[in-house]
Amino acid sequence: MDHIYEQAWRNFDMLSGDVPEALTVGNKMNLMLACLSLSAFRALMAVGVEREYAVVLFADAAWKVYEKWGALPAFISRFLTRDPVKRMRLCVNLFLRFPFNPPGYVFERLPSDDGISLDMLRCPIAEYLSANGAADLCVGSWCNLDYGLAEMWGGRLERTGTLAAGADRCGFRFKPVRR
């Protein structure tokens, strides 16, 4: 583990200089985390972990961080309202303010009576990881973490495609589960 950890940071040192510029703190943070994701992924594969399993291992580790990120909106929404639709909308909207905010992220809101719907038209994480030959890492970790967030926020996510998997947009249809 120490060797993988050290190699991941060496990879990060080599890759981080090529991370695209970002205009907001949230965009920059996510791009640097995408670089760290790629660095750890490559370190796992360098010690012989099969590519598909490296995606799974990284996604499990990433969830530990993402789970903590998602807890704050969940707490805030529970404090402000009991309505599951309002809670879901509040949680998603908080993430769209930071760190998944414009100008790096371009999205279109869609009408929805039973949750919150949007199409992500540009995602710097998908662009970065895809450009570095790791679209599968993006889909298997970053993109799939959204399902766990939806559950944490009291609902489910319906998705028709992702930019990283080659779709022209990431479809987000967050639906609260009424209890």
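Model, not experiment: these values are computed from the prediction. (Residues numbered from 1 in each chain as written. Predicted model: local features only at pLDDT ≥ 70, side-chain atom pairs only at ≥ 80, totals over all residues. Heavy atoms only, no water.)

### Brief notes about the overall build of the protein
For step 1, the next point in the chain: Of regular secondary structure, the protein possesses seven helices and four strands.
For step 2, the next point in the chain: Put simply, the protein runs from its N terminus to its C terminus through helices and strands in the order α-α-α-α-β-β-α-α-α-β-β.
For step 3, the next point in the chain: Scaling as 2.2 N^0.38, a compact globule of 179 residues should have a C-alpha radius of gyration of about 16 Å, and the protein matches this with 17 Å.
For step 4, the next point in the chain: Its C-alpha atoms give the protein principal-axis dimensions of about 50 × 30 × 30 Å.
For step 5, the next point in the chain: Relative to its full complement of 179 residues, the protein shows a buried share of 46%. (Helix = DSSP H or I, 4+ residues; strand = E, 2+ residues; numbered from the N terminus. Rg over C-alpha atoms; globule rule 2.2 N^0.38 Å. Buried < 20%, exposed > 50% of the residue type's maximum accessible area, 1.4 Å probe, protein only.)

### Examining the layout of surface pockets
For step 1, the next point in the chain: A volume near 550 Å³ is recorded for the largest pocket.
For step 2, the next point in the chain: Residue lining of the largest pocket: 20 residues in total, with Leu36, Ala40, Phe58, Ala61 and Ala62 positioned closest to the centre.
For step 3, the next point in the chain: Sorting elements by how many residues they give to the lining of the largest pocket places helix α3 (residues 51-80) first, with seven residues.
For step 4, the next point in the chain: Looking at the lining of the largest pocket, its residues break down into 18 nonpolar, two polar and no charged. (1 Å grid on protein atoms, 1.4 Å probe; cavity = no way out; pocket = protein on both sides within 12 Å on 5 of 7 lines; lining within 4 Å. Points joined across faces, edges and corners; volume = space filled by probe spheres on them. Nonpolar A, V, L, I, M, F, W, Y, C, P; charged D, E, K, R; others polar.)

### Considering the side chain of Ser117
For step 1, the next point in the chain: Relative to the helices and strands, Ser117 is located in strand β2 (residues 116-122).
For step 2, the next point in the chain: By relative accessible area, Ser117 is classed as buried at 5%.
For step 3, the next point in the chain: Every residue in contact with Ser117, bar those within four places of it in the chain, is listed here: Glu108, Arg109, Leu110, Pro111, Ser112, Phe172, Arg173 and Lys175. (Contact = heavy atoms within 4.5 Å.)

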